[in-house]
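One-letter residues, chain by chain:
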Amino acid sequence: MKRHLISAADLTRDDALLILDTAEELSRIADRPIKKLPTLRGRTVVNLFFEDSTRTRISFEAAAKRLSADVINFSAKGSSVSKGESLKDTALTLEAMGADGVVIRHNASGAPHRLAGWVRGSVVNAGDGTHEHPTQALLDAYTMRRRLGDLDGRRVTIVGDILHSRVARSNVLLLNTLGADVTLVAPPTLFPVAVDTWPCEVAYDFDAVLPKSDVVMMLRVQQERMSDAFFPTVREYSRRYGLDARRLSALPEHAIVMHPGPMNRGVEIAAEVADSPRSTIVEQVANGVTVRMAVLYLLLGGSEPAIGGAARDGGDAARDGGDVSRGGAIRDRGDVSRGGDAIRNGGDASRREDA
Amino acid sequence: MFLIKGARILGGAPADILLRDGVVAEVGAGLTAPEATVVEADGLIALPGLVDLHTHLREPGREDAETVESGTRAAAAGGYTAVHAMANTEPVADTAGVVEQVWRLGREAGHCDVHPVGAVTRGLEGERLAELGAMADSAARVRVFSDDGHCVSDAVLMRRALEYVKAFDGVVAQHAQEPRLTEHAQMNEGEVSGRLGLAGWPAVAEEAIIARDCLLAAHVGSRLHVCHVSTAGSVEILRWAKSKGWQVTAEVTPHHLLLTDELAETYDPVYKVNPPLRTKADVEALREALADGTIDCVATDHAPHPAEAKETEWAPAAMGMIGLETALSVVHEAMVETGLLDWAGVADRMSARPARIGRLTGQGRPIEVGAPANLTLYDPAARTAVDPAAFVSKSRNTPFAGLELPGRVHATFLRGRPTVLEGKVI
Ligand SMILES: [Zn+2]
């Protein structure tokens, strides 16, 4: 695995499967009376949240604490960031504190990339602007796998504001890596202009896609998109792209309904659909902690087995593992495409996987 | 008095050039002048002093990024003998007072001629015309007017400006950017922006304004200059406008001739610029257009910023790149090494044509007897990695850091007086 998790494209198929398998292993401790493992004892994880997201922060915090890491929460509100300190200065502070891992949530796309250039610890992207949210995609894949088994050849339909969705970007990349067939559904205004270069299908007609879906993932649609003329009214959006009981009944029997939250009940998803047994929305939240434990363990903990080794050795042995897989690949990227190379490499679709 | 020995004028056969009393006094083989300082120019190419139509000197207002002194030193180091200082200073260069101040600072610094560009609209606000005539009549003798950084998007205001400057043979230099189509825009809209989740700056936002302005210029019979053309579509529109015989000229920046939007993958705002870096197809179209003359000239859009304006996330970072000290090497790499232009072509696109567009009489002239002694000696054989720490400019925001580029400016002469010798600013 790479040293940071910034994009779902950082993960090879083997990396992704390792995370999902590790999460399966870790989920067993959820059934134990004591949920804590000593694996990351003595390690420091900083939750750096520049954007309000209590649910994601709590999820990462719980994950780190269950692995016995020291957790420092650093949010833009009430911190020096709101006084105009730059991300770089914040990064230098984290360096001085000796953070082994930094979980960053930021409203600017690419902030985790920048941070990774300024700190030595592993950077985990907890959502950056309209770019990516790779641990969300991992927990979604984990949830799908638990409900449906192997994802190879599974048909996943993602519906909503693709243009502004970091969840959609990470899911398209990860699901493609895992062999699933993804179809994106939205009004044409809510796709990026070059979505045809993405490794997925694109559709405008939700109803036509429903019978061919094993999974339907609904994305939150923000009402302010209406004032920017992305669609005429919330009512029309809901009618054309919302998941209601009628559409639910058009899905195959086994199909599941997902939503990364927070939901707009009555807009992209009807309340009765959100609360139906086909919905995995509550499971997704629980799975989020497990999957984030697996990510932190694999990035910070090393090569020892998550539970077996930790239980035997008290976890400390695992500390010394890990470094072999550190490559700094992300930091080093980009320079190659300058000058003449920039031109030679242009338009090579395979470079997408480097995102 | 300087005697340049063995320089290849426009890359031709070696010749000696005698500079005396601010003009080229003699050109020929085996010249002697006992009182002259000899400059050995074996292997060096002599070009007319370069002229930049688009430089941000930042003074007054942002002296932390650049001053007239530091910016014109950088210009001289890059082989320039004249620059046009853009109007988006603080205060804006929208009155005779401000343009005269910048002009005077340029004269005092003495590294190259500074020709202030006047704002088209008061405060660059796009609402009312600035006193264009007063700036034209001032000591700065302004002939180029631009709201650069902002587009004169109001069609009526643009029409009036184009018409009004005819009275003093001025030209409106448009920063072509349809504002509504580029709200919050961060980079070229395309495959890369979609993948990176950065708001797109679509090519059509540039092309729509260029098309409109060409039609307006034709309608009122005025001169239009298009700043920093960046798309293949813009090139097609310009080619069409020129085929009609309309008075439309255009510039391209060095960075748009070499770099593509894939560099945004690093999220390093040193690659953030307005207009944004585009695609490989656009780069190729721009090179062809510069070669065939559809695009008249190279202009740097030298845009200095302090380090903290770039050491941030992409979205809040400032747009712009510095370019004066690397322009000639980049054009060498993109146009000469590729066989698209010879050195006479480089001289035309970087000196003669920009001087003509700016209506400068003492610049952009061929290196021949009687012409003002504005010239630069360039070593085409040098090849070095760009080192921002070695820049003369106050700022370091170059997208070329570490990139190996050909050539090096050896000397620059402004009316017979060296501003650069042995690669060092004097
Ligand atoms: Zn501009």
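If you're wondering where the values come from, they're calculated on a predicted model, not measured in any experiment. (Residues numbered from 1 in each chain as written. Chains lettered and ligands numbered in written order. Predicted model: local features only at pLDDT ≥ 70, side-chain atom pairs only at ≥ 80, totals over all residues. Heavy atoms only, no water.)

Caption draft 1: Broad picture of the overall build of chain B. Counting its regular elements, chain B contains 11 helices and 19 strands. Relative to a compact globule of 426 residues, whose C-alpha radius of gyration would be 22 Å, chain B shows 20 Å and is just as compact. Across its three principal directions, the C-alpha atoms of chain B cover 65 × 45 × 45 Å. Carbon and sulfur atoms form 50% of the exposed surface of chain B, whose accessible area is close to 14400 Å². Chain B carries 39 positive and 58 negative side-chain charges, and their two centres are separated by 5 Å. (Helix = DSSP H or I, 4+ residues; strand = E, 2+ residues; numbered from the N terminus. Rg over C-alpha atoms; globule rule 2.2 N^0.38 Å. Areas by Shrake-Rupley, 256 points an atom, 1.4 Å probe, with all protein chains shown as cover. Lys, Arg positive; Asp, Glu negative; His and termini not counted. Charge placed at Lys NZ, Arg CZ, Asp CG, Glu CD.)

Caption draft 2: The arrangement of the domain arrangement of chain A in detail. All names here are of chain A. Structurally, chain A comprises domain 1 (3-132 + 285-310) and domain 2 (134-281). The distance between the C-alpha centroids of domain 1 and domain 2 comes to 26 Å. Counting residues at the interface gives 36 residues for domain 1, matched by 26 residues for domain 2. Roughly 2400 Å² of surface becomes buried between domain 1 and domain 2 when both sides are summed, with 59% attributable to carbon and sulfur atoms. Counting across the interface, domain 1 meets domain 2 through three salt bridges. At the boundary of domain 1 with domain 2, the tally comes to 13 residue pairs in polar contact (both at pLDDT 80 or more). The greatest single-element share of the side of domain 1 that touches domain 2, amounting to nine residues, is contributed by helix H1 (residues 13-27). Broken down by class, the residue content of the side of domain 1 that touches domain 2 amounts to 15 nonpolar, 12 polar and nine charged. (Domains from an automatic or database assignment. Contact = heavy atoms within 4.5 Å. Buried area = accessible area lost by both parts, 1.4 Å probe. Salt bridge = Lys/Arg side-chain N within 4 Å of Asp/Glu carboxyl O. Polar contact = N/O pair within 3.5 Å; in protein donor to acceptor, adjacent residues only side chain to side chain. Nonpolar A, V, L, I, M, F, W, Y, C, P; charged D, E, K, R; others polar.)

Caption draft 3: Seen up close, the state of the cysteines. Residues and elements named next belong to chain B. Inspection of the entire model under this criterion finds zero disulfides over all chains. The thiol sulfur of cysteine 151 is not disulfide-bonded, and the nearest other cysteine sulfur, from cysteine 227, lies at 9.9 Å. Judged by its relative accessible area of 13%, cysteine 151 falls in the buried class. Distance from the sulfur of cysteine 214, which forms no disulfide, to the nearest cysteine sulfur (cysteine 151) is 13 Å. (Disulfide = S-S within 2.5 Å. Buried < 20%, exposed > 50% of the residue type's maximum accessible area, 1.4 Å probe, protein only.)

Caption draft 4: Representation of the coordination of the zinc ion within the structure. All names here are of chain B. Distances from the zinc ion to its protein donors, namely Asp148 (OD), His175 (ND1) and His228 (NE2), fall within the range 1.9 to 2.2 Å. Each donor residue of the zinc ion lies on the same chain, and together they follow the pattern D-x26-H-x52-H. You can see histidine 175 sitting in the loop between strand E10 (171-174) and strand E11 (187-188) and its partner histidine 228 sitting in the loop between strand E13 (224-226) and helix H7 (232-243), a full 53 residues away along the chain. Judged by its relative accessible area of 2%, histidine 175 is buried. By relative accessible area, histidine 228 is classed as buried at 2%. (Donors = N, O, S within 2.8 Å, 3.2 Å for Na, K, Ca; no water.)

Caption draft 5: Expanded view of the sheet that holds strand E14 (residues 248-252) of chain B. All names here are of chain B. Taken together, the five strands give an open sheet; going across it, the order is E9-E10-E13-E14-E15, and neighbouring strands pair in parallel fashion. One side of each edge strand has no neighbouring strand; the edge strands of this open sheet are strand E9 (144-145) and strand E15 (297-298). Taken together, the two bridges between E9 and E10 define a ladder with parallel strand orientation. Considered in E10, the bridge of phenylalanine 145 is made with valine 172. Across the sheet, helix H6 (residues 203-220) touches E10, E13 and E14, and the angle it forms with E13 is around 165 degrees. (Pairing = 2+ DSSP bridges. Axes fitted to C-alpha atoms, helices over the stretch in contact; angles between N-to-C directions.)

Caption draft 6: Examining a negative patch on the surface more closely. Taken together, the side chains of Asp150(A), Asp152(A), Asp181(A) and Glu201(A) present a region of like negative charge at the surface. In this structure, Asp152(A) sits in the loop between helix H5 (134-148) and strand E5 (155-159). (Patch = residues over 30% accessible without salt bridge, like charges linked within 9 Å, V, L, I, M, F, W, Y side chains within 5 Å.)

Caption draft 7: Seen up close, the packing of helix H4 (residues 155-164) of chain B against H6(B). Residues and elements named next belong to chain B. Axis separation between H4 and H6 bottoms out at 10 Å; the angle between their running directions is 45 degrees. The angle between H4 and H6 falls in the class oblique. Seen from above, H4 lies across H6 with right-handed handedness. Touching Ala155, Met158, Arg159, Leu162 and Glu163 of H4 are Arg212, Asp213, Leu216, Ala217, His219 and Val220, all from H6. Along the lines of polarity and charge, the residues of the contact of H4 with H6 split into six nonpolar, one polar and four charged. (Parallel < 35°, antiparallel > 145°, perpendicular 65-115°, else oblique. Left-handed = near helix turned anticlockwise from the far one by under 90°.)

Caption draft 8: Molecular detail of the pattern of salt bridges. Residue and element names in this part refer to chain B. Within this structure, the stated rule accounts for 38 salt bridges over all chains. The partner of arginine 195 in a salt bridge is glutamate 191, and the shortest N-O contact between them spans 2.9 Å. Taken as a pair, arginine 195 and glutamate 191 lie in helix H5 (residues 191-196) at a separation of four residues, close to a single helical turn. Residue arginine 195 is classed as buried on the basis of its relative accessible area, which comes to 5%. Between arginine 349 and aspartate 348 there is a salt bridge, and its shortest N-O distance comes to 2.7 Å.

Caption draft 9: Spatial organisation of the domain arrangement of chain B. Residue and element names in this part refer to chain B. Here the domain parsing of chain B yields domain 1 (2-45 + 371-386 + 400-425) and domain 2 (49-357). Centre-to-centre separation of domain 1 and domain 2, based on C-alpha positions: 28 Å. When the two sides are added together, the surface that domain 1 and domain 2 hide from each other amounts to roughly 1900 Å², 69% of it contributed by carbon and sulfur. Counting across the interface, domain 1 meets domain 2 through three salt bridges. For aspartate 113, the salt bridge is made with arginine 415, and the minimal N-O distance between the two is 2.7 Å. At the junction of domain 1 with domain 2, the criterion picks out seven residue pairs in polar contact (both at pLDDT 80 or more). Those elements that provide at least two residues to the side of domain 1 that touches domain 2 are strand E16 (375-385), strand E17 (404-414) and strand E18 (417-421). Here the element with the most residues in the side of domain 1 that touches domain 2 is E17; it accounts for eight residues.

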